[in-house]
Every structure is written in structure tokens, then in C-alpha cells.
Amino acid sequence: MKSKVTKLAGLLLGVAAVTSLQVQAETLRLLTWGGYAPQEVIELFQQETGIEVKVTKSNNEDMISKLRATGGAGFDLAQPSQDRISSAQAEFNIYRPIDLARIKSDLFIPSMLEATVKNTSIGDKVYGVPHVWGTSGLVVNRKAAPDVRDYTDLCDDALAGRVSYRLKRPTLIAFAFALGEDPFAAYGDRAQYARILEKVSARLTECKPNVKKYWSGSDDLLNLIRSGEVVAAMAWDAGGWKLNKEDPDTTFVAPKSGALGWIDTFALPRKSKAEDAAYQWINFVMRPDIAAKITAESSYFTASKGASALVEKEQTRRFEESFPQAAIDNIKWYPPVPAGLEEMEGKVLDRIKAHR
Amino acid sequence: MKRSQFGLGFWLLLAPLLLWLVLLILLPHVDLLLISLRLRSGPGTYRFSLHHYAEFFTEPLYWRTFLRTAIMSLLATLLTLLIAFPLAYYIAKMMRGRAKQLLFLLCLIPFWVSELVRTYGWMILLRESGVVSGLLQWSGLTGAPLEMLYNDAAIMVGLVYTAMLFMVVPLITTLDSLDDSLIEAGYDLGGNGWNLLWEVVVPHAMPGIVSGCIVVFMLTLGNYLTPTLLGGKDSLWFTEQIYTQFITRFNWEQGSAFGILLLLLSSLMVWLGLRLSGQSFTQVMGR
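Residues numbered from 1 in each chain as written. Chains lettered and ligands numbered in written order. Predicted model: local features only at pLDDT ≥ 70, side-chain atom pairs only at ≥ 80, totals over all residues.

Colleague: Help me understand the overall build of chain A in this model?
Modeller: Of regular secondary structure, chain A possesses 14 helices and 15 strands. At 21 Å, chain A has a C-alpha radius of gyration in line with the 21 Å of a compact globule built from 356 residues. Along the first, second and third principal axes, the C-alpha set of chain A runs to 60 × 55 × 45 Å. Put simply, chain A has 356 residues, and 45% of those count as buried. (Helix = DSSP H or I, 4+ residues; strand = E, 2+ residues; numbered from the N terminus. Rg over C-alpha atoms; globule rule 2.2 N^0.38 Å. Buried ≥ 20, exposed ≤ 12 C-beta atoms within 10 Å, placed from the backbone.)

In C-alpha cells form, the structure reads like this:
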């Protein structure tokens, strides 16, 4: 027993020594989403700058949790959504301000940069600049489920056991819109928001028997749809377009009550050890030619100005098929989440999950 | 003479173990307890409170999940024992030489891959477009695809499978040490198979049974992967609640309270198990 412990301790020390050595060589530890840093782009970046990029795939809640646990250490650059930055920063102090002078702002689509900077500011300090944007809506197999036009159509009896969505806050928001409410307008009014949540909760509980499974990651969902086990789901647009490449019947549909628009950003963790590398990476991936590569790889569109002209035709066709002009105008963009709301939502989500 | 027994060498050799216990087990638990006893009163400020424990007892959702996890874990332990006992008896008592080693190895082999991979294996077998469903359709037993995943039975199958080895190994070791002549003597004295099982084999194997049960119960109670992946929308496992509180709700205080409660539950169950079976902890763990 004792020798095992000693061996293990030695091993741990060894691992620690190796990792600390690696950090000393110039590396950028990137906390991001799947598909945002394709291998090809990482290699090009290393050729150009000599900096090695180490990618950790994550999601919004996980990013905040990871950075919170270390007080903002362990990563040099993170990519949370723009609406989740200011509350997390006020609560846990995990980011450091971004120096806009070190960002090549002419690489960005001006309106998107401006909106993100505004939403991620506390006082005169800016905590985020935009990178990738997209929407949540419906991914539908149009042959098997021709009538799905809005989120609530997922609860149709005809589709029992054939639909999927996540049990997370975007689903609550989406169903609220589909039920004719405006949750974003109620962000500042807790009583009103609680009333909306009650209504959404009732609908989602009622809808639960229809759900095959609450999906947890995009691969999970794509497999459910590929195998034909699920024919309609609430999901990200890029997932729908990815499936469209394989099967023309399946694609992303912008819901009648509006797709939910999100922008994922670049934010600097408070104890980032490679700030220079982080700025270099931001300015590198925002170049139109690099941004187009990211879009080609993952189907996500970026806030890079001029990249859309370089994106292949098929990709643009898919986008236009899913988003007629009216649907673009109807996108509901997430405003910053005030503190405290997520706690209310959490309880509601727990109750839906526990209901049998 | 006494002094030299606890000399420098002794302490140096003990140091890694002590460091391990104190730094990686004791301190985190103390911290967990402290976090669970505070309540956020404003951004970044906290005060002492039992709120998070009260929350557990007043919100039916939480204690129902807690109870469900405990009962399902007990059931899984029982099922594992029922399946593993005949198996272990067969390997330890009926087999000899190479065949015995081979069978033992066969029990081990699935554990050369990680739990995650094994669970995905079950998902491939049980899902609607999976192997079992395909076989049933091919043989004409069912007309339509059959969904066997995402229910409690699937969770149970996964849990029992995951825990099997930890029951089989202690059982084989204890059964191995049972002298065959004792069984023969039992028959000579006029006992039948049933008497022998209850009067000779089970009492002898008791330490192995209890230690297997304790390990399996604790593994099952603290399992996260299997219930979440195989249970789907109705999984509801207590560890999942802890994960949710920590990771998606940023509520470390509530999560810590749940963690402490889970620790208390498993300690209580182990104590009860030892009490009811009349075994002592040192005897059981020495096996």
C-alpha cells in the first residue's frame, strides 16, 4: 500500500514537472467550444508565431466553474458567451479587462464589436470582444417531421419519443417566446420572470413524455438525428447545417417565434500567463482567410469582416435557406443575464428533470 | 527499545501516506464541510447558516433523489451479490488449475477498458437503432425498433456490470480459503446442499460478502457516468445533483452540503451493514 502511494506521489510530481516545463515554452491555453479552433488553424498559427495552442473544449457553465475554482488561473484565453460575462465577472472576478488598442478592430464587423463591447463592459472596463456567432432554433428532418415550425411544435403528439432538446436555460427562453411571452423584457422584473418561468415549466413538464432524451453535447445530438432516432430537436444552427451536408432532408429551421442569437467572445482570464499570445491569437483568427477556414470546418459564422465573401457557396446557400431576411430580423439576441436569474431557472430545470 | 520503533525512518516512510491522507482527503473534506455551512449574503460575502441543509429537507425533489439513489444502490448491490456468488463459487470450488485462472482472467478482461467505454458499449447494444433491437427485428420477435435504453432497468444493468469485479474478487479469495474437507464433512454429517450453503459456505464467506457489498455499494452510490448516460431524461442520481449544483448552478455551498450528506449516508450504510452481519471493519477490510 505504502509503496503504491509513494509511486503515485512520484508520478504526480513527475507529471507536475513536465506540465510546468510545457507552460514555460510559449503556449496558449485556450478554453473554448468544440470547432472554434480547428487543427489546421492551430498549425498555421504555430508556423507563423511559434506559439503552441492547447485547446480545452468546454461550455458556458463549465468555463465559469473552471475559472472560478482557480480565481481565473489555468487558462490564457476563454470564449464565454457575451451575455454571461458581466454577471460572472461581478460575482467571481475571474477576468481581466481587454486593452482594445491591442485588438485590430478593423478586422471585426463594426456593429457586432460595438454590441459585444457594450454588453461586456463594467464601468469603463471592457471584458469581451466577439468571435463566433450563431443561433439556437430547430434542427428538423423535413421528411419525417414536416410540420415543425416553432419550439412548441416539438410537443406535438405525432412526434412522441422522436424529439430532443437540452434541459438548459436557452430552452426555457425559447419556450417562453413560443408561448407568447418576452423573457428578455422581464429580465429586470423578478416577479414577472418567475411567472413566465412557471408557465414554461408547466409546458415543458407536459412535453416531457415526448422527449427521447435531453441532449448534452452536440455530438450526442448529431448521433441521435443521424441514426433517425430523433427527427426534430432544438439545437444550434451549425449542427443543422453539418447534418444538411450529409442528408439534404435535414436542416436548420428558424422558428416562427424567433431564433435565439448568441455571440461567443474572447475574454482574458484574470491570471492569464500568456497575454501577448492571447492578443496574437485573437488578431490571427479574425483575419478573413482564417475566419473562413473556421466557418468551413465547423459551419459557425464569425464576426470577422469580409470572411463571408470567402466562405464556400454551399455554406452560404444553407444559411440563406434557413434564414430568409424576415427570420434574420426576428432573431432574439441575448441581453446580459442579471445576477440571481440563473438560480431561479436552476430550480425550475431541476423540477422538470425530476418529474415522472 | 520502544523509541527506536518510531524513529526517523518510520516517520519518513509514513510521510507520503500521511501527506496523502491529510492533504488530499482530510483537508478537502473539512473545507467541504465549511463551505456547506455558509450562506452567500451578497457578492463575495458570506455568513454562517444551515440554510443548505434545510433546503435539502424542505425540497422534496432533493431528498427523493437521495432516497432513490440509496435504494437503487442497495438493489444493485444485492443483484451483484446474487449473480457474483454462484460465479465465484464455481470458479473457486469447481474449477482447477488453468481453467480456473482462465475464468478469473475472463472476469478481469472487461475492466481493462475504462468505465466510460464499457458504458458506451451498453449504449450501442441497447439503443433503439442498436444491436439487440436489430437482432430482435431480424429474428422476427418484434416488428418495430425497440428502445431499451434510458430507463431504470438499463441503469441497473450498467451498475451491476460495472461493479461485478469488485464483488467477484473478494468472494473468490474467501471461498478459496474454505477447506474442501469441511464441505465433505458436512455431507458426512447428513447435511444437504441447502444446509451446507447456509451453515458452512456462507458463514465462511461472510467477510468476503460484506467487503464486496461495501465496495460495490459505495461505488454505485458515488457513480456518475453510468446513471447519467444510461438513464437519459429520467436518470436522477444524487451525484448528478451535486455536479449540477457545482458546475451549472455555481452553487458550491449547496453542492457541498449534498456532498457531506452523501458521505454521511454511505458511512451510515457501511456501519449498518457491519452491524447486521456481525463483522468488524478490520476483519472485513483485511481480506
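More follows now that the structure is in view.
Colleague: Looking at this structure, how should I read the overall build of chain B?
Modeller: Assigned secondary structure in chain B consists of 14 helices and two strands. The principal-axis extents of the C-alpha atoms in chain B amount to approximately 80 × 75 × 35 Å. Within chain B, counting contacts between residues at least 6 apart in sequence, those at least 24 apart form 69% of the total. (Contact = placed C-beta atoms within 7 Å.)

Colleague: What is the right way to read helix α5 (residues 110-119) of chain A from this model?
Modeller: One turn of the α-helix equals 3.6 residues, which is why residues spaced by three or four share an orientation. Residue and element names in this part refer to chain A. Listing the buried residues of α5 in full gives Leu113, Thr116, Val117 and Asn119. In a view along the axis of α5, the buried residues occupy a sector of 170 degrees, so they form one face of it. When the buried face of α5 is taken as reference, the exposed residues oriented beyond 90 degrees from it are Pro110, Ser111 and Lys118. Buried residues in α5 make contact with β5 (121-122), β6 (125-126), β7 (129-141) and β12 (260-266). (Arc of directions from axis to C-beta.)

Colleague: Looking at this structure, I do not really get the interface of chain A and chain B. What am I missing?
Modeller: It is common to give the size of an interface as the accessible area lost on bringing the parts into contact. Counting from both sides, the interface comprises 26 residues of chain A and, opposite them, 19 residues of chain B. Ranked by residue count, the leading element in the side of chain A that touches chain B is helix α14 (residues 341-354) of chain A, at seven residues. Within the side of chain A that touches chain B, the residues separate by chemical class into seven nonpolar, five polar and 14 charged. (Nonpolar A, V, L, I, M, F, W, Y, C, P; charged D, E, K, R; others polar.)

Colleague: What is the right way to read the pairing of strand β10 (residues 232-236) of chain A from this model?
Modeller: Every other side chain in a regular strand lies on the same face of the sheet, so the side chains alternate between the two faces. Residue and element names in this part refer to chain A. Among the five residues that make up β10, five are buried, leaving the element largely enclosed by the rest of the structure. Where strand β8 (residues 163-165) meets β10, two bridges bridge the pair, whose relative direction is parallel. Note on β10: the bridge partner recorded for Ser164 is Ala233. (Pairing = 2+ DSSP bridges.)

Colleague: Before we go on, may I ask you to explain the sheet that holds strand β1 (residues 27-32) of chain A in this structure?
Modeller: Two orientations exist for strands paired in a sheet by backbone hydrogen bonds: parallel and antiparallel. Residue and element names in this part refer to chain A. If you walk across this open sheet you meet the three strands as β2-β1-β3, and the pairing is parallel. Edge positions in the sheet fall to β2 (52-57) and β3 (77-78), since each of these pairs with one other strand and no more. Across the face of the sheet, helix α10 (residues 275-285) comes into contact with β1, β2 and β3 while running at roughly 60 degrees to β1. (Axes fitted to C-alpha atoms, helices over the stretch in contact; angles between N-to-C directions.)

Colleague: Help me out: how do you make sense of the domain arrangement of chain A in this one?
Modeller: All names here are of chain A. Under the domain assignment, chain A is made up of domain 1 (2-133 + 262-326) and domain 2 (136-260 + 332-354). With centres defined by C-alpha atoms, the gap from domain 1 to domain 2 works out at 26 Å. Counting residues at the interface gives 16 residues for domain 1 and 18 residues for domain 2. Put simply, the parts of the chain that give the side of domain 1 that touches domain 2 at least two residues each are α4 (85-92) and α12 (313-322). Residue composition of the side of domain 1 that touches domain 2, by class: four nonpolar, seven polar and five charged. (Domains from an automatic or database assignment.)

Colleague: What should I look at first to understand the environment of A:Lys213 in this one?
Modeller: When you line up the elements, A:Lys213 lands in strand β9 (residues 211-214). Residues A:Lys213 and A:Gly161, 52 residues apart in the sequence, show an inter-C-alpha distance of 8.4 Å. Those residues in contact with A:Lys213 that sit more than four places away from it in its chain are A:Ser164, A:Leu224, B:Tyr150, B:Gly232 and B:Lys233.

Colleague: Quick question: what am I supposed to make of the confidence of the model for chain A here?
Modeller: Interpreting fine coordinate detail is not advised for predicted regions of low pLDDT. For chain A, the average pLDDT comes to 89, and 93% of its residues sit at 70 or higher. Note that pLDDT drops below 50 for residues 17-23 of chain A; the model gives that stretch two contacts with residues more than four away or on any other chain. (pLDDT = per-residue confidence, 0-100.)

Colleague: What is the right way to look at the environment of B:Tyr224 in this model?
Modeller: Residue and element names in this part refer to chain B. Of note, Tyr224 is situated in the loop between α10 (193-221) and α11 (225-231). Separated by 136 residues in the primary sequence, Tyr224 and Ala88 have C-alpha atoms spaced 27 Å apart. Apart from the residues lying within four places of it in its own chain, the contact partners of Tyr224 are Thr239, Glu240 and Tyr243.

Colleague: Any chance you could explain the nonpolar core here in plain terms?
Modeller: Note that soluble globular proteins tend to have their nonpolar side chains buried in a common cluster. A:Leu77, A:Ala232, A:Ala233 and A:Trp281 are the most contacted members of the largest nonpolar core, which has 98 residues in total. Tallying contributions element by element places helix α6 (residues 169-178) of chain A first for this core, with seven residues. Both of domain 1 (2-133 + 262-326) and domain 2 (136-260 + 332-354) of chain A provide at least three residues apiece to this core. Residues contacting A:Ala233, with those up to four places away along its chain left out, are A:Val139, A:Val163, A:Ser164, A:Tyr165, A:Trp215, A:Leu221 and A:Ile225. If you look at the next biggest cluster of nonpolar residues, it comprises 37 residues, including B:Leu149, B:Tyr150, B:Leu171 and B:Ile214. (Core = buried A, V, L, I, M, F, W, Y, C linked by C-beta atoms within 7 Å.)

Colleague: Sorry, what's going on with the packing of helix α4 (residues 60-94) of chain B against α10(B) here?
Modeller: When two helices pack together, their arrangement is given by the angle between the helix axes and the distance between those axes. Residue and element names in this part refer to chain B. Where α4 meets α10, the closest approach of the two axes is 9 Å, and the angle between their N-to-C directions is 140 degrees. Looking at the two axes, α4 sits oblique to α10. By crossing handedness, the relation of α4 to α10 is classed as right-handed. Taking contact as the criterion, the partners of Thr69, Ser73, Leu74, Ala76, Thr77, Thr80 and Leu81 in α4 are, on α10, Ile209, Gly212, Cys213, Val216, Phe217, Thr220 and Leu221. Considering only residue class, the contact of α4 with α10 consists of eight nonpolar, six polar and no charged. (Parallel < 35°, antiparallel > 145°, perpendicular 65-115°, else oblique. Left-handed = near helix turned anticlockwise from the far one by under 90°.)

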